[in-house]
Amino acid sequence: QVQLVESGGGLVQPGRSLRLSCTASGFAFNYYGIGWFRQAPGKEREGVSCISSRHGDTYYADSVKGRFTISRDNAKNTVYLQMNSLKPEDTALYTCATDSGYGSSCPKVPYDAAYWGQGTQVTVSS
C-alpha cells in the first residue's frame, strides 16, 4: 500500500538548518507530485512547498521563499526539504503528501493531497 515516511525533524536553534526527507513506497513515485505541509498547534495545516513529477516544477509559500528548498530523487523515491535560517514560527509538525498522480502540478494546499505521511516534528527554539 502507499506509504510515506518522514524523517529529519528535531529541535534546532533559530538561524540553523534542518533537512527533512519523505521516503515513499507502494506506488509509482515518479508520476506523483509531492508536497510538504505543516501544522502548528492551534493553527490550520498549510502548504509549505511542493514539487511536480513531470518537470520538477516547484512551489513555495511566501513565508519560506528564499529559505527552504525542495528537491526529489526519483531513484531513491525520496523528496527532501532543506530548511535554512529557521525561525521560531517555523515550529510545526511537517507532513509530506502526494497528489492524485499523473498530472503536471503538485499539491499546494491540503485539498490537493491524496496520500499523507505521519509527519515529523520541527521545533525552533533557543
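Presented here is a report on the structure given in the accompanying data block. (Residues numbered from 1 in each chain as written. Predicted model: local features only at pLDDT ≥ 70, side-chain atom pairs only at ≥ 80, totals over all residues. Heavy atoms only, no water.)

**Considerations on the overall build of the protein**
Each helix and strand in the protein was counted, giving zero helices and 11 strands. Taken from the N to the C terminus, the helices and strands of the protein come in the order β-β-β-β-β-β-β-β-β-β-β. Relative to the globule expectation of 14 Å for 126 residues, the C-alpha radius of gyration of the protein, 13 Å, shows essentially globular dimensions. Summarising its shape, the C-alpha atoms of the protein cover approximately 40 × 30 × 25 Å along the three principal directions. The buried share of the protein, taken over its 126 residues, is 43%. Taking contacts inside the protein between residues at least 6 apart in sequence as the whole, the part at least 24 apart equals 60%. Taken as two groups, the 12 positive and 10 negative side-chain charges of the protein have centres that lie 5 Å from each other. (Helix = DSSP H or I, 4+ residues; strand = E, 2+ residues; numbered from the N terminus. Rg over C-alpha atoms; globule rule 2.2 N^0.38 Å. Buried < 20%, exposed > 50% of the residue type's maximum accessible area, 1.4 Å probe, protein only. Contact = heavy atoms within 4.5 Å. Lys, Arg positive; Asp, Glu negative; His and termini not counted. Charge placed at Lys NZ, Arg CZ, Asp CG, Glu CD.)

**A look at the pairing of strand E7 (residues 68-73)**
Side-chain alternation along E7 places Phe68, Ile70 and Arg72 on a buried face and Thr69, Ser71 and Asp73 on a face that remains uncovered. Two strands pair when backbone bridges link them, and E7 and strand E8 (residues 78-83) are joined in this way by six bridges, in the antiparallel orientation. By the bridge assignment, Thr69 is partnered in E8 with Gln82. (Pairing = 2+ DSSP bridges.)

**Quick notes on the sheet that holds strand E3 (residues 18-25)**
Here four strands make up an open sheet; going across it, the order is E1-E3-E8-E7 and the pairing antiparallel. The open sheet has two free edges, formed respectively by strand E1 (3-7) and E7, since each of these has just one partner strand. Along the sheet, successive strands turn relative to each other by an average axial angle of 15°, direction set aside. Where E1 lies against E3, five bridges are found, and the strand directions are antiparallel. By the bridge assignment, Val5 is partnered in E3 with Thr23. (Axes fitted to C-alpha atoms, helices over the stretch in contact; angles between N-to-C directions.)

**A few points about unusual backbone geometry**
With the exception of glycine, most residues fall at negative phi, and the peptide bonds are largely trans. Unusually for a residue other than glycine, Asn77 sits at a positive phi of about 50°. With respect to the element layout, Asn77 can be found in the loop between E7 and E8. The backbone phi angle of Ser85 is positive, close to 50°, even though this residue is not glycine. Inspection of the secondary structure puts Ser85 in the loop between E8 and strand E9 (92-98).

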